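As a plain string of letters, each chain reads:
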Amino acid sequence: MRSHPTTSGGSVVADIVLLPLTLIQRIIEELLGVTELDRLEEIRRELVKCSDMLKEAWNEFSNCKQNMLPGDKNEAFRSLQEARDKLNYGWQRWKEIKGELHNIKHREWEKRQREREERRVEREIKRRLFLERVEANISKLEDKLSHSRDALTRKENHLDELKGNYYGAWNDSFKERCSEWIQETEETISNIKEHIERLESWLEQERDKLR
């Protein structure tokens, strides 16, 4: 389109077409670098505005074309068609980029879901292994505690026997040996009781891990 058409109608159409044509070209260039859906929505609103402006230009052209010189009218018509073609291309690219961005966002969402699921499974595995270790420790401690209590019972029974032998000793030498045995057994019993207390404390700590 000439910058100064020879008719007033051509001048009006030229002025109306120039702005949307310039905006559409800028929008098409901007679409190449769009990476966010928010910006894409802004461009959609701009394309809608360009569509309205171009519609107004076509209406103005229809109203003025009877008063335009043939050359001006042809040039205005070609300019309007060019603007329409570029607008259609802009909408096409907008839709393509929107689809691409949605696909990217969806893949990113799927990736986050997979990573979240992997972390959940990893936590479950760690938790299960942890519980298995704790339960194994509890089982070992319970076995040791049971053996220690059995040993304590045997030593206490043996202590009773030694005391009986002590009080029924038939000579001082045997009585003295019984006294030594009693002292040794009492020390052993004391050690076993301390060991049992430690085992019970450790066992309680392990059971607390399961609560």
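Please refer to the structure placed before this passage.
Residues numbered from 1 in each chain as written. Predicted model: local features only at pLDDT ≥ 70, side-chain atom pairs only at ≥ 80, totals over all residues. Heavy atoms only, no water.

Novice: So what's going on with helix α2 (residues 37-64)? Residues and values would help.
Specialist: Helix length check: α2, at 28 residues, gives a terminal C-alpha distance of 40 Å against a target of 40 Å (1.5 Å per residue), a fit within 8%. Within α2, burial applies to Leu40, Ile43, Leu47, Cys50, Met53, Leu54, Ala57, Trp58, Phe61 and Cys64. (Helix = DSSP H or I, 4+ residues; strand = E, 2+ residues; numbered from the N terminus. Expected span 1.5 Å × (residues − 1). Buried < 20%, exposed > 50% of the residue type's maximum accessible area, 1.4 Å probe, protein only.)

Novice: Please provide a residue-by-residue account of the nonpolar core, values included.
Specialist: In terms of nonpolar packing, the biggest core is built from 26 residues, with Leu31, Leu40, Ile43 and Leu80 touching the most fellow members. Counting residues per element, this core draws most heavily on α2, which supplies 10 residues. In terms of nonpolar packing, the next biggest core, distinct from the first, is built from 14 residues, Leu141, Leu159, Ile189 and Ile192 among them. (Core = buried A, V, L, I, M, F, W, Y, C linked by side-chain atoms within 4.5 Å.)

Novice: Before we move on, could you go through the pattern of salt bridges and cite the residues and values that matter?
Specialist: Counted by the stated rule, this structure contains 18 salt bridges. The salt bridge involving Glu36 is made with Lys105; its shortest N-O contact spans 3.6 Å. Pair noted here: Glu36 is in the loop between α1 (8-31) and α2 and Lys105 is in helix α3 (residues 70-167), with a separation of 69 residues, a long-range link. What makes Glu36 partly exposed here is its relative accessible area of 43%. (Salt bridge = Lys/Arg side-chain N within 4 Å of Asp/Glu carboxyl O.)

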